[in-house]
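Fold and contact review
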Amino acid sequence: MANTYCTATNWGKGFFTHDDRHNFYLSGHAGDVWVVGNNAAGVSWINRVEGTAKAKADAQTIVDGKIEEAQVAWDASSDYEKSLHDRPEKYILP
Amino acid sequence: MGTYKGIQGYTIQTLGSDPTVEENIGRLWYNTTSNTWKFGQQLAGSWASGGNLTTARKSLGGSGTQTAALAFFGSQPGYYPSGAVKAVEEYDGTSWTNGTYANSERYQGGAFGQTQSDAAYAGGYSAPPPPLQSGKTEKWNGSTWTESGDLQSGRQGFFGGAGTTSAGLVAGSGPANGATETFDGSTWTEVADLVTARQYAPVTGATSTAAMCVGGYGIPADSPYSNGPGSRVGLTEIWNGSSWTNVSGTLNLGRIEAGISGSTSAAVIAGGNTGDPAPPTVDTATSETWDGTSWTTVGSMADATVSMGTSRSGGSSSAVMFGGAPGNLATSEEFTDPVYAIKTVTTS
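Residues numbered from 1 in each chain as written. Chains lettered and ligands numbered in written order. Predicted model: local features only at pLDDT ≥ 70, side-chain atom pairs only at ≥ 80, totals over all residues.

Description of the nonpolar core
- Counting residues in hydrophobic clusters, the biggest one holds 80 residues, and the most contacted among them are Ala71(B), Phe72(B), Leu169(B) and Val203(B).
- Beyond its immediate chain neighbours, meaning those up to four positions away, Phe72(B) contacts Leu60(B), Gly61(B), Val88(B), Ala102(B), Ala119(B) and Tyr121(B). (Core = buried A, V, L, I, M, F, W, Y, C linked by C-beta atoms within 7 Å. Buried ≥ 20, exposed ≤ 12 C-beta atoms within 10 Å, placed from the backbone. Contact = placed C-beta atoms within 7 Å.)

Digging into the sheet that holds strand 20 (residues 210-214) of chain B
All names here are of chain B.
- Here 5 strands make up an open sheet; going across it, the order is 14-19-20-21-22 and the pairing mixed. At either margin of the open sheet sits one strand with a lone partner, and together these are strand 14 (159-160) and strand 22 (244-247).
- Inspection of the sheet shows strand 19 (residues 202-207) paired to strand 20 by 3 bridges, in the antiparallel sense. Residue pairing in the sheet places Thr207 in a bridge with Ala210 of strand 20. (Pairing = 2+ DSSP bridges. Helix = DSSP H or I, 4+ residues; strand = E, 2+ residues; numbered from the N terminus.)

A few points about the interface of chain B and chain A
- Taken residue by residue, the interface counts 29 residues in chain B and 27 residues in chain A.
- Those elements giving two or more residues to the side of chain B that touches chain A turn out to be strand 4 (46-50) and strand 32 (339-344) of chain B.
- Per element, the largest residue contribution to the side of chain B that touches chain A is 5 residues, and it comes from strand 4 of chain B.
- Grouping the constituent residues of the side of chain B that touches chain A by class yields 15 nonpolar, 13 polar and 1 charged. (Nonpolar A, V, L, I, M, F, W, Y, C, P; charged D, E, K, R; others polar.)

Describing the sheet that holds strand 2 (residues 28-31) of chain B
Residue and element names in this part refer to chain B.
- Taken in spatial order, the 4 strands of this open sheet run 1-2-3-32, and their pairing is mixed. Each of the sheet's edge strands pairs with one partner strand only, and the pair in question is strand 1 (13-15) and strand 32. Each strand of the sheet is rotated relative to its neighbour by a mean of 35°, with strand direction disregarded.
- Of the strand pairs in this sheet, strand 1 and strand 2 are connected by 3 bridges, and their pairing is parallel. Paired with Gln13 across the strands is Trp29, a residue of strand 2. (Axes fitted to C-alpha atoms, helices over the stretch in contact; angles between N-to-C directions.)

In structure tokens form, the structure reads like this:
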């Protein structure tokens, strides 16, 4: 399995370092969901930031929920704003 | 079999503490305190988390460097036209501290100024009641915000700016406007337009006579808002003090609402919204550096972010980008290129 999943709140400086970025894949998503490369460094990072491990399906559900909220906000926005951004669409986590 | 000294030209040092890594790239040493073998490494540029803003927001201005930045104005929760704020925060490379608030609430204005103590914000959306498209300009001298001359026309949709509070520049605004104005410290003067009219286009530059405008959004001809070439463009235009010129070095990924920091000879752009003209449009975490001639894709941010504030000085080797969307973010990311690291030799 290439990636693992967790939720963790980004507290700021030191939450992820340059070393981390060179040692494992990391991407942040709505709902404090993080997709983390599944290697020793990635697992160690989840422990360091006190992340809560999630199954991919559960992580996906969190992100989907946040996107649905963004869709509601987009629907309520002006025509001008709508002309600049497409309606947020759900996507599959890597 | 060769010896280490024969290959490297020096013997392995035993040291009580690690040496300065920048001066020991590729060098191996033995740390007698930790009883470990270590070596210095130079890595490609990457993004690390920075301090979190006190006031989460998007479409804000920024100036300064990665270790001494200023965040100002922006939009806090809610969609157009509400949410404009006048919050100001200072960054020391670790954390943000509330500073002296500006006089007016605005977002999507043109931000310029090169340092934490020399910054300005022109135009943008103001808080209701109308007129919402403001021409207002405020200057920061490190201790107070002072209102100055207005833009020739109230506009929004700026992303960045160039120069200083005594010689500044803004360009590209909404809807799909190519108008460029220069600032002499008190008065704005309209000068030559961008070759391609656009909005949400990142602008940066160290002076008002050396600026660049990258990417952005030209509204399609069938839009009720304006006429233009359409699409999220990757065009790069350079301003020489009198006119804009399209250069061959286009972005690898056209984008709008991206963060940009640096000058016409060295800059970094990151994030933004991309995908058009092949919808759906998506936010991107990718970043690119500019060497004065071409854009090169480098390490991605951790979060796909749009409409963030940015430091201004640091070329293509150092920047901090803060706040932004989706939602209203408080987080920041710091770009450093190259990254120096001390690695411990392990048996695994």
